[in-house]
Amino acid sequence: MFQDEMKKAAEAYGLHLREVQLQQFTRYYELLIAWNEKMNLTAITEAHEVAVKHMVDSLTAYDKTLFHKGVSVIDVGTGAGFPGLPLKIFCPEIRLTLMDSLNKRVKFLQTVVDELGLTGVECVHARAEEGARNQKYREQFDIAVSRAVARLPILCEYCLPFVKKGGHFLALKGRAYAEEAEEAKKAIKVMGGSHTEVREVHLPDLEDKRAIIIVTKTMLTPKAYPRKAGTPAKNPL
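Residues numbered from 1 in each chain as written. Predicted model: local features only at pLDDT ≥ 70, side-chain atom pairs only at ≥ 80, totals over all residues. Heavy atoms only, no water.

Asker: For this particular structure, what's the right way to read the overall build of the chain?
Answerer: When helices and strands are tallied, the chain shows 10 helices and 7 strands. Relative to the 2.2 N^0.38 estimate, which gives 18 Å for 237 residues, the radius of gyration of the chain is 17 Å and therefore close to what a compact globule would have. The C-alpha extent of the chain, read off along each of the three principal axes, is 50 × 35 × 35 Å. Per-residue burial over the chain gives 57% buried out of 237 residues. Residue pairs in contact within the chain that sit at least 24 positions apart in sequence constitute 71% of those at least 6 positions apart. When the accessible area of the chain is evaluated, it comes to approximately 10,700 Å², of which 50% is carbon and sulfur surface. (Helix = DSSP H or I, 4+ residues; strand = E, 2+ residues; numbered from the N terminus. Rg over C-alpha atoms; globule rule 2.2 N^0.38 Å. Buried < 20%, exposed > 50% of the residue type's maximum accessible area, 1.4 Å probe, protein only. Contact = heavy atoms within 4.5 Å. Areas by Shrake-Rupley, 256 points an atom, 1.4 Å probe, with all protein chains shown as cover.)

Now the structure itself:
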C-alpha cells in the first residue's frame, strides 16, 4: 500500500508526515499512475520506488530556513510536479507556481491540486525562456526549484531569472553534481548568482550520490537573459 511505503520512506529520511499529508501523497500517487496510462509522466510506477525516488527525493530540497510561511516558490519544468508538489504537501504555507511547457502535463497538475485541496498554487503553461520574460514572473520569487530538467549551466539560465535579488535557486542533482557545479560557475555569475553551496543527500535504501545545489542571487539578471527558446541548450554559457 502506497501510504505505508510513503510513511516508511519519509521516516527513514527523518521526516514526520501528518495523516492528512500521507493521504494527500497517496492520492497524488493514484492520480500519477492513472494519468500515466494515457500520457508519459514517469517511468517509475512501483509504490516503494515512487515514494523514495520521486516523493522523498523532492523533499530533500526542503530547508526550514528557506521554506517559511508565505515564501514564494516556482518549480521550473516541473513535469509531473516534482519537486514542487511534494514540497507544497509537506510545507502547505508556501505559495507555489508550477511551470511546464506541455499543456497536457499542466492539466494533470491542476487536477492534482484540485483533488488534494491545495491552495496558493498556480499551474502555468510556458517554456522557461518565455515565462522568465513575462513581468508577472520575472524576478518575482524567493525560491526557484528544478529537478531533472537540464545540466546546471543551462538550468541556471532557465531558473535564476525568476528569482528575486536575495533569493535562492535550488537544483536537485544526481551523481555528476560536483562536475556540474564547476561547469556552471560562469552561468551563475552572468545570471546574477554568487554564493553556491552544495548539500549532499542520501535517500533511503539507495547508494547513489545526490545533492542539492543552492545558488544565492545577489544581482539582477541582465535583460538579455534568458535567451530565446532553445538557445541555452544549444549554446550553454
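Asker: I keep staring at the state of the cysteines and nothing clicks. Help me out?
Answerer: As used here, a disulfide is simply a covalent bond connecting the sulfur atoms of two cysteines. By the definition in use, this model includes 0 disulfides. In this model C91 remains outside any disulfide bridge; the closest cysteine sulfur is found in C123, 18 Å from its own. In this structure C159 is not part of a disulfide, and its nearest cysteine sulfur, from C156, lies 7.6 Å away. (Disulfide = S-S within 2.5 Å.)

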